[in-house]
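Here are the chains, one letter per residue:
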Amino acid sequence: MKQRIKNIVEINDNKASKVFAIFIQVLILISIVTFTMETIPDLKPETRSLLYAIEVFSVIVFSVEYLLRIYVAESKLKFIFSFFGIIDFLAILPFYLSFGVDLRSLRALRFLRLFRIFKLVRYNRAINHFTNAIKSSKEEILLFLFVTLILIYFAAVGIYYFENAAQPEHFSSIFDSLWWAIVTLTTVGYGDVYPITVGGKVFTFIILLIGLGIVAIPTGIISSALTKSVDSNETEK
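Residues numbered from 1 in each chain as written. Predicted model: local features only at pLDDT ≥ 70, side-chain atom pairs only at ≥ 80, totals over all residues. Heavy atoms only, no water.

### Things to note about the side chain of Thr184
And then number 1: Its place among the elements puts Thr184 in helix α8 (residues 174–185).
And then number 2: Owing to a relative accessible area of 7%, Thr184 belongs among the buried residues under this scheme.
And then number 3: Discounting residues that sit within four places of it in the chain, Thr184 has contacts with Thr204, Ile207 and Leu208. (Helix = DSSP H or I, 4+ residues; strand = E, 2+ residues; numbered from the N terminus. Buried < 20%, exposed > 50% of the residue type's maximum accessible area, 1.4 Å probe, protein only. Contact = heavy atoms within 4.5 Å.)

Take a look at the structure:
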């Protein structure tokens, strides 16, 4: 019995597991749509009742799925604290927290329902390749993030000394300058804060050039890791 359930829920190559996977994926998408529709103002009471019924049904199915995965797991604690175990738990947590409590006071927790979308990762091979790529290049990504944080701080300090005297309302401290540094290094540039001194403009030009390189680096790291992941999968086949 346990092995039969495992063959269904753990995505083996059989008809029952494929049907189960498709059913869960469709239900995830439906629950995300209902979550979005709930934010529409002035919904009719009948519509809200229907959306709530869909939510209840989704939570029941996801709860059963979660319990079944714990049941068939060789190491139950390992699954519970694994990435997918935590995602499965967070996907159903807000619903159970709402019992006996005014949900308005727990409104911030409702966004946890969005974790359901991460459940799709389990059923998508392309996303699995991306996950493997992130895992294999985590050291390079961590190094990149560390260097980026240093550059952001450097940019904030630099623009503070160039612009503080001219724009004390925008660059009153290095902490205030961090917002400018982030949007400039990421080349977003909202335009709400910008340099007006010559030194600040030259410094910004240099930071923008560095920002272009910063945007390109993680793309190269991840694309290289993705290629290796796909090649490795093809080799195994």
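### Examining the pattern of salt bridges
And then number 1: If you walk through the whole model with that rule in mind, you get 2 salt bridges.
And then number 2: Between Lys6 and Glu74 there is a salt bridge, and its shortest N-O distance comes to 3.4 Å. Of the two residues, Lys6 sits in helix α1 (residues 2–9) while Glu74 sits in the loop between α3 (45–72) and α4 (76–80), which places them 68 residues apart along the sequence.
And then number 3: Residue Arg69 is joined to Glu65 by a salt bridge in which the shortest nitrogen-to-oxygen separation is 3.1 Å. (Salt bridge = Lys/Arg side-chain N within 4 Å of Asp/Glu carboxyl O.)

### Section: helix α7 (residues 138–163)
And then number 1: The end-to-end C-alpha separation of α7 is 37 Å, in line with the 38 Å expected for 26 residues at 1.5 Å each.
And then number 2: Along α7, the positions that sit buried rather than exposed are Ile141, Phe144, Thr148, Ile152, Ala155, Ala156, Gly158, Ile159, Tyr160 and Glu163. (Expected span 1.5 Å × (residues − 1).)

### A word on a nonpolar patch on the surface
And then number 1: A cluster of nonpolar residues, Val198, Val202, Phe205, Ile206, Leu209 and Leu212, forms a patch on the protein surface that exposes about 610 Å² of accessible area.
And then number 2: Within the secondary structure, Ile206 is located in helix α9 (residues 198–236). (Patch = residues over 30% accessible without salt bridge, like charges linked within 9 Å, V, L, I, M, F, W, Y side chains within 5 Å. Areas by Shrake-Rupley, 256 points an atom, 1.4 Å probe, with all protein chains shown as cover.)

### Overview of the side chain of Gln167
And then number 1: Along the chain, Gln167 falls in the loop between α7 and α8.
And then number 2: When residues no more than four places from it in sequence are discounted, the contact partners of Gln167 are Tyr194, Pro195 and Ile196.

### Section: the environment of Ala156
And then number 1: Residue placement: Ala156 occurs in helix α7.
And then number 2: With relative accessibility at 0%, the residue Ala156 sits in the buried group.
And then number 3: Separated by 21 residues in sequence, Ala156 and Ser177 have C-alpha atoms that sit 4.9 Å apart.
And then number 4: If we skip the residues at most four places from it in the chain, Ala156 touches Ile174, Ser177, Leu178 and Ala181.

### Some remarks on the packing of α3 against helix α5 (residues 83–97)
And then number 1: Direction vectors running N to C along α3 and α5 enclose 145°, while the axes themselves pass 10 Å from each other. Here α3 and α5 pass one another in a crossing that is left-handed. Between α3 and α5, the residues in contact are Tyr52, Glu55, Val56, Val59, Phe62, Ser63, Tyr66 and Arg69 and Gly85, Asp88, Phe89, Ile92, Phe95 and Tyr96, respectively.
And then number 2: Residues of the contact of α3 with α5, tallied by class, amount to 9 nonpolar, 2 polar and 3 charged. (Axes fitted to C-alpha atoms, helices over the stretch in contact; angles between N-to-C directions. Left-handed = near helix turned anticlockwise from the far one by under 90°. Nonpolar A, V, L, I, M, F, W, Y, C, P; charged D, E, K, R; others polar.)

### Some points on α3
And then number 1: Helix length check: α3 (28 residues) gives 41 Å between terminal C-alpha atoms against 40 Å at 1.5 Å per residue, within 8%.
And then number 2: Those residues of α3 not exposed but buried are Leu51, Glu55, Ser58, Val59, Val61, Phe62, Ser63, Glu65, Tyr66, Arg69, Ile70 and Val72.
And then number 3: Where the residues of α3 are buried, they touch α1, α2 (15–37), α4 and α5.

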